[in-house]
Amino acid sequence: MSAAAIQVRDVSHQFGEEGETRHVQALQDTSLDVAKGELLCLIGPSGCGKSTLLNVMGGLIAPSTGTTTVSGKPVRGPMPHDISFIFQENALFPWNTVLENVVLGMTFQGVPRSEREDRARRALEAVGLAEFAQHYPGQLSGGMRQRAALARALSLETDILLMDEPFGALDEQTRMVLGEDLSVLLSQSRKTIVFVTHSLGEAVFLADRVAVFSARPGTIKQIIEVNEPHPRKPEFMTSPKFHRLRDQLYGLLHDEIRKAMTESSQARRRYGDKDAAPAAEGDA
Amino acid sequence: MTTLAPAVTAPKPLTLRVRRWFLRHPAAARLGVVVILFVIWEIAARFFVDPNFLSPPSRVIVSIDDVLATQGVPQALRVTFYELAVSFVLAVVLGVILGLSIGLGRFAHRSFMPIILLLYGTPQITILPIFVLLFGIGPASKIAFGVSHGVFPVTILVAAGVQNIKPIYLVSARSMGASRWHILRHVIFPHMIPSFFTSMRLAMTGVLLGVLLAELYVSTAGIGYFTSVFTQDFDPTKLIGLVSILAAMAVVLNEVVRRAELHYGRWRS
Amino acid sequence: MTAGRAKGWNDRTLSRLVQLGFAVVLLLAWYLAATWGQVSHLLLPNPVEVWHQFIGILASGEFLPDLRVTLTELAVAFAISTSLGISTGYFVSRSPYAIKVFEPLFAGIFSIPIILFLPLYVLFFGLGPASKIALGATISFFPIVLNTIAGFGNVDRVLTTAARSMGASNLQMFRHVLLPAALPVVLAGLRMGFTVALLSIIGSETIASLAGLGHRIVNLAENMDMARMFAYIAFVVAIAAFLNAAVSALEARGRR
């Protein structure tokens with residue numbers, strides 16, 4: 001078996017100190033292997049630590065305990081040559097055009113100046129934004145902005161793509177279309193993708209495997225396999241296999257979601273209406 | 001069928017068209033208001049007010065030449081303009097340096113910003129006499145007082161522009177391997193630019209206030225000398241003329257900076 | 001993005017200490033410069049001397065006539081600008097067209113330092129309080145009228161529609177919908193108008209006056225009575241701070 005692209009071993013993470021009101025155990029003893037070239041979805045109730053795990057994988061957070069290895073190397077900080085990120089909140093710099101944004105990512109990574117513009121234009125073509133290169137993010141729709149963010153990530157030519165609810169702020173129709181595009185991309189490029197989502201349908205449609213999280217303190221409850229080749233066709237979404245997998249996911253998640261909701265309303269009562277249990281992830 | 005109120009003659013097409021045109025062009029209506037005000041001024045000054053106290057605009061406009069011909073006035077105006085320019089540049093440069101130093105460090109911001117805000121809130125006019133005692137009656141005191149007014153908005157806004165960056169931009173840049181220098185130059189700096197141009201507009205307002213206040217205060221040289229002389233001579237024509245020239249200078253300078261702000265703040269919308 | 005902020009508490013006290021230290025160092029530097037430095041005492045009085053003068057002024061009550069002049073000018077000017085500003089602002093706000101015509105006009109005039117017209121006012125009204133009142137009223141008119149226009153002009157359409165659908169009369173609409181909705185913005189305008197009136201009155205007293213606090217400071221400067229002048233400056237700054245704080249507090253109460 002080829003070495004896993006990402007190896008997570010016994011990672012736990014807490015925010016705040018024990019005994020503080022702000023203390024929360026975001027992740028508990030989580031271990032995971034992400035195979036090269038697969039699309040793995042992380043799904044779970046609010047506050048279960050899936051975004052935290054993603055940030056740990058990408059070197060943006062140093063976990064309280066445990067280790068992470070990426071492409072055989074231990075993770076000690078951001079690894080811009082191996083990993084690129086796409087965030088839910090739009091991270092395109094509003095003062096730059098789309099093209100300038102993509103070029104800037106390569107500037108940060110250290111790509112030689114002569115290559116930057118070509119690679120940028122190719123990436124924009126790949127996501128269908130070639131005519132919008134000179135537009136500012138403020139002039140684009142939400143879906144187009146995320147496509148631009150994807151182009152920026154692609155232009156960095158990393159083996160691994162970490163995506164934190166990238167389609168979360170978009171309407172359902174845009175999500176479906178972008179999901180199909182992502183599937184096509186995956187089939188063409190053999191990148192390894194870890195994808196955090198709330199949407200059951202999205203998880204089944206996109207993933208090779210889905211890791212289901214328990215409520216806080218989060219740990220991986222079960223991993224489900226979706227044996228369906230990429231690129232996924234739209235018809236897959238209406239197939240009996242799809243429904244079966246989706247129902248299976250729902251069955252696993254339902255209790256965890258209820259548990260998470262009770263816990264959050266308890267916390268609200270205890271600490272008042274403010275952001276009581278500090279969000280380990282950016283979800284409502 | 002009962003008839004309603006007696007028929008009203010339809011308004012003449014011309015008046016209707018004129019009204020409609022004005023409705024579509026509020027700027028023209030505004031100009032109209034200004035014209036009306038000037039007309040009132042003209043009538044009041046000509047027929048109702050002692051000519052020792054007020055002069056009609058017609059006479060003022062015609063006598064602008066006399067004002068400029070008065071010995072020393074053009075020099076005073078030139079010196080004032082020079083003071084405004086120097087104050088502005090100094091205020092902006094100092095303000096940016098201070099603003100960046102305070103804004104870039106969270107601790108520095110917490111410690112020093114309240115001090116700056118406190119100083120900004122005190123009525124500086126009370127220490128104008130000290131400025132003049134310290135720097136003399138020449139341009140130095142006017143420049144210093146102007147800088148003293150203009151430096152605060154620049155410092156405050158530049159510091160705010162640096163502090164208010166959405167964390168996601170910094171996280172994203174870091175994830176792509178940006179060094180600290182990269183972040184400063186490609187994230188913090190461009191983010192701060194609209195605030196910078198807004199602050200320039202406020203700096204100009206402050207500098208105008210400071211310099212002109214100082215000029216008016218010093219009645220032995222510069223503009224203040226002439227306003228003093230024209231007042232004592234009961235010469236409203238020349239006085240209004242001089243003040244109008246200064247007001248025009250202020251409007252032009254303000255407008256220049258305002259345009260720059262609009263142009264460079266583009267990405268904000 | 002990482003873990004514990006347990007030192008957040010210490011951060012705040014530390015910055016307070018820095019501020020305190022800053023003030024102490026400043027005072028110390030002043031004292032040393034005045035006592036042993038080369039600075040002429042015609043320029044920088046001894047802080048101890050200033051303190052004595054300050055106490056003396058307060059004790060003897062010699063500040064009262066000047067304070068009365070300044071405060072009277074302020075009160076009258078503010079009363080004028082408030083009544084004119086709010087009524088004008090309200091009537092302009094009733095018509096979107098009027099807003100489009102007048103608002104840029106007012107904003108444009110306010111953008112230049114109106115104190116520039118002080119000599120004209122002095123020529124017309126003389127050196128007495130009348131010119132200060134007139135100029136103060138003129139200058140403070142603008143923030144008040146602009147904010148009143150904004151406050152009444154930007155009342156959420158939804159609210160007026162709902163009230164009208166329930167049969168509200170014009171008077172009821174004003175009292176129960178428009179006024180409360182516009183109040184925060186209008187109060188902010190009043191606070192700005194007050195601050196600006198105070199500054200312009202002290203300013204005009206400094207430049208051309210026979211009485212009042214601003215004049216007193218200039219007078220002392222001309223007589224090179226430095227310690228007393230510094231004391232008066234401190235006094236005026238304190239009064240201004242107090243008045244501004246009072247007005248801000250009133251504004252906050254009005255917002256409640």
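Residues numbered from 1 in each chain as written. Chains lettered and ligands numbered in written order. Predicted model: local features only at pLDDT ≥ 70, side-chain atom pairs only at ≥ 80, totals over all residues.

**Quick look at the overall build of chain C**
- Of the regular secondary structure elements, chain C holds 10 helices and zero strands.
- Ordered by position from N to C terminus, the α and β elements of chain C give α-α-α-α-α-α-α-α-α-α.
- The C-alpha atoms of chain C give a radius of gyration of 24 Å, which is well past the 18 Å a tight globule of 256 residues would have.
- In terms of overall dimensions, chain C has C-alpha extents of about 75 × 70 × 35 Å along its principal axes.
- Taken over 256 residues, chain C has a buried fraction of 39%. (Helix = DSSP H or I, 4+ residues; strand = E, 2+ residues; numbered from the N terminus. Rg over C-alpha atoms; globule rule 2.2 N^0.38 Å. Buried ≥ 20, exposed ≤ 12 C-beta atoms within 10 Å, placed from the backbone.)

**Quick look at helix α12 (residues 236-264) of chain B**
- The end-to-end C-alpha distance of α12 of chain B, which contains 29 residues, comes to 42 Å, matching closely the 42 Å that a straight helix rising 1.5 Å per residue would cover.
- Listed in full, the buried residues belonging to α12 of chain B are P236, T237, K238, L239, I240, G241, L242, V243, L246 and A250 of chain B.
- In this structure, the buried side of α12 of chain B is in contact with α3 (57-62), α4 (64-69), α5 (73-104), α10 (180-217) and α11 (222-232) of chain B together with α5 (118-125) of chain C. (Expected span 1.5 Å × (residues − 1). Contact = placed C-beta atoms within 7 Å.)

**A few points about the domain arrangement of chain C**
- Partitioning chain C into structural domains gives domain 1 (1-39) and domain 2 (60-255).
- The C-alpha-based centres of domain 1 of chain C and domain 2 of chain C are spaced at 35 Å. (Domains from an automatic or database assignment.)

**Some words on the nonpolar core**
- Core analysis: the biggest nonpolar cluster contains 200 residues, and C41, A207 and V210 of chain A, L213 of chain B together with L118 of chain C have the highest contact counts within it.
- Considering each element in turn, this core owes the most residues, 17 residues, to α10 of chain B.
- Residue contacts for A207 of chain A: discarding those within four places in its chain leaves L39, L40, C41, F195 and V226 of chain A. (Core = buried A, V, L, I, M, F, W, Y, C linked by C-beta atoms within 7 Å.)

**Thoughts on the interface of chain B and chain A**
- In this complex, chain B contributes 17 residues to the contact, which on the side of chain A involves 21 residues.
- Per element, the largest residue contribution to the side of chain B that touches chain A is seven residues, and it comes from helix α9 (residues 167-175) of chain B.

**Brief notes about the environment of A221 of chain B**
Residues and elements named next belong to chain B.
- Relative to the helices and strands, A221 is located in the loop between α10 and α11.
- Of the residues examined, A221 has 16 C-beta atoms within 10 Å and is grouped as partly exposed.
- For A221 and P51, which are 170 residues apart along the polypeptide, the C-alpha to C-alpha distance reads 27 Å.

**Side note on the sheet that holds strand β6 (residues 83-86) of chain A**
Residue and element names in this part refer to chain A.
- Taken together, the six strands give an open sheet; going across it, the order is β6-β7-β8-β3-β9-β10, and neighbouring strands pair in mixed fashion. The open sheet has two edge strands, β6 and β10 (220-225), and neither has a second partner. Ignoring which end each strand starts from, the neighbouring axes of this sheet average 15 degrees apart.
- Bridge count between strand β3 (residues 39-43) and strand β8 (residues 192-197): five bridges; the pairing is parallel. By the bridge assignment, L40 is partnered in β8 with V194.
- Across the sheet, helix α4 (residues 142-155) touches β6 and β7 (160-164), and the angle it forms with β6 is around 175 degrees. (Pairing = 2+ DSSP bridges. Axes fitted to C-alpha atoms, helices over the stretch in contact; angles between N-to-C directions.)

**Re the packing of α10 of chain B against α12 of chain B**
All names here are of chain B.
- With their axes 8 Å apart at the nearest point, α10 and α12 run at an angle of 170 degrees to one another. Overall, the two elements α10 and α12 adopt an arrangement that is roughly antiparallel. Contact residues: α10 offers I193, P194, F197, T198, M200, R201, M204, L208 and L212, while α12 offers L246, A250, L253, N254, V257, R258, A260, E261 and Y264.
- Looking at side-chain class alone, the contact of α10 with α12 contains 13 nonpolar, two polar and three charged residues. (Parallel < 35°, antiparallel > 145°, perpendicular 65-115°, else oblique. Nonpolar A, V, L, I, M, F, W, Y, C, P; charged D, E, K, R; others polar.)

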